[in-house]
Amino acid sequence: MMGAGHSSQIEPARGAAPRSWLARLLADGRPLVMGILNVTPDSFSDGGRFLDPTLAIAQAQRMAAEGADIIDIGAQSTRPYGSVVSVPLEEELARLKPVLPYLTRIGNVISIDTMKAKVAAWALDAGAMMVNDVWGLQRDPDMARLVAERGVPVVIMHNRDAAEAAIDIMTDIEAFFARSLAIADHAEIAREHIVLDPGIGFGKTPEQSLVVLARLDRLKAFGLPLLVGASRKRFIDKVSPSPPDRRLGGSLAAHLRAVTHGARIIRAHDVAETVQALKVATAIEEAGAEGA
């Protein structure tokens with residue numbers, strides 16, 4: 001595990017992103033921190049807090065100052081526990097337009113969290129440099145082609161329409177990733193642009209989310225960077241009853257475990273605390289190595 005929190009400060013460019021920015025960041029050897037920015041009224045964790053564009057921009061600036069390498073902005077709540085309310089294309093864009101273009105001035109990499117190719121295309125034109133697709137290229141048939149044409153990194157996340165407690169969740173994730181990677185290969189998306197996310201909480205019971213975290217290293221067989229977003233998820237409440245805004249301790253525990261077992265990117269609401277935890281864990285490891 002290596003320390004986190006060195007802001008990338010990569011100057012975004014309109015249109016296609018430089019092919020090597022993700023590889024350059026990952027080459028540092030430290031886990032990257034992706035800060036979550038929800039410009040939605042109904043996010044499970046911070047619903048409505050940053051719907052106002054002024055507050056959203058201020059929050060992005062705060063996360064950048066706290067050490068976020070990537071800021072992931074989404075305008076439709078994916079609500080991992082079900083009851084997803086579909087947001088029309090026009091409304092999703094209306095939420096993004098007053099915010100996203102300003103974020104590119106911060107100097108961090110901006111990621112667009114959407115399952116709609118048309119939204120992703122607009123965001124990339126506005127300066128975003130990464131696509132975070134919670135349906136892993138399997139929901140919008142135009143998404144893979146868009147990612148390939150723009151030459152940008154993409155997060156392929158595992159998802160299910162509903163949780164099924166009886167299934168082997170690791171086998172399901174592996175099969176899902178195999179399908180997504182076949183789609184990516186067909187579209188000629190560069191392998192160096194693909195990140196895999198097991199989708200903690202999405203289409204999973206709390207128990208299955210715990211299993212995924214416990215067996216995360218099994219997914220290293222794909223040979224691709226892993227992203228884990230366990231921040232404030234419901235499985236924490238299952239272990240230690242708490243509302244979403246009181247799950248910082250559980251989030252940090254899950255993320256430290258994830259990095260130890262192969263995660264290269266951590267997606268978190270609480271950027272400063274996550275950066276600090278990763279730095280301290282690294283310092284402890286380095287002290288132990290020096291004394292060995």
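The shown structure was predicted, so the numbers you read here are calculated from the model rather than taken from an experiment.

Looking now at the nonpolar core. Grouped together as the largest cluster of nonpolar side chains are 73 residues, with contacts concentrated most on Leu 37, Ile 73, Leu 103, Ile 112, Val 131, Ile 194 and Val 228. Not counting the four nearest positions on each side in its chain, Leu 103 is found in contact with Leu 37, Ile 57, Ala 60, Ile 73 and Ile 110. Counting 14 residues, the second-largest nonpolar core is a separate cluster that includes Leu 22, Met 34, Ile 70 and Val 109.

Here we come to the packing of helix α3 (residues 89-96) against helix α5 (residues 117-125). Helix-helix packing: each pair is described by the crossing angle between the helix axes and the interaxial distance. Running from N to C, α3 and α5 point in directions that differ by 25 degrees, and their axes come no closer than 10 Å. By the angle between their directions, the pair α3 and α5 is classed as roughly parallel. Regarding α3 and α5, the two cross each other, and that crossing is right-handed. On α5, the residues touching Leu 89, Glu 92, Leu 93 and Leu 96 of α3 are Lys 118, Val 119 and Trp 122.

The next thing to look at is the pattern of salt bridges. Side-chain pairs of opposite charge can arise whenever the charged atoms involved come near each other. Going through the model one piece at a time under the given rule, you end up with 15 salt bridges. Across the salt bridge formed by Asp 172 and Arg 160, the nearest N and O atoms sit 3.0 Å from each other. With a gap of 12 residues between them, Asp 172 in helix α7 (residues 169-187) and Arg 160 in the loop between β5 (154-157) and α7 connect regions that are remote in the sequence. For Arg 218, the salt bridge identified is with Glu 174, shortest N-O distance 2.7 Å. Taken together, the positions of Arg 218 in the loop between α8 (206-214) and β7 (226-228) and Glu 174 in helix α7 put the pair 44 residues apart, joining distant regions of the chain. For Arg 218, a relative accessible area of 33% corresponds to the partly exposed category. The exposure class of Glu 174 is partly exposed, given its relative accessible area of 21%. Residues joined in a network through salt bridges with shared partners are Asp 28, Arg 30 and Asp 69.

Taken together, the buried positions of helix α6 (residues 143-150) are Met 143, Ala 144, Leu 146, Val 147 and Arg 150. Each buried residue of α6 lies within a common arc of 160 degrees when the element is viewed along its axis, so the set occupies one face. Against α5, β4 (130-133), β5 and α7 lie the buried residues of α6. Just downstream of α6 lies Gly 151, where phi reads positive at about 65 degrees.

The rules behind each value
Residues numbered from 1 in each chain as written. Predicted model: local features only at pLDDT ≥ 70, side-chain atom pairs only at ≥ 80, totals over all residues. Heavy atoms only, no water. Core = buried A, V, L, I, M, F, W, Y, C linked by side-chain atoms within 4.5 Å. Buried < 20%, exposed > 50% of the residue type's maximum accessible area, 1.4 Å probe, protein only. Contact = heavy atoms within 4.5 Å. Axes fitted to C-alpha atoms, helices over the stretch in contact; angles between N-to-C directions. Helix = DSSP H or I, 4+ residues; strand = E, 2+ residues; numbered from the N terminus. Parallel < 35°, antiparallel > 145°, perpendicular 65-115°, else oblique. Left-handed = near helix turned anticlockwise from the far one by under 90°. Salt bridge = Lys/Arg side-chain N within 4 Å of Asp/Glu carboxyl O. Arc of directions from axis to C-beta.

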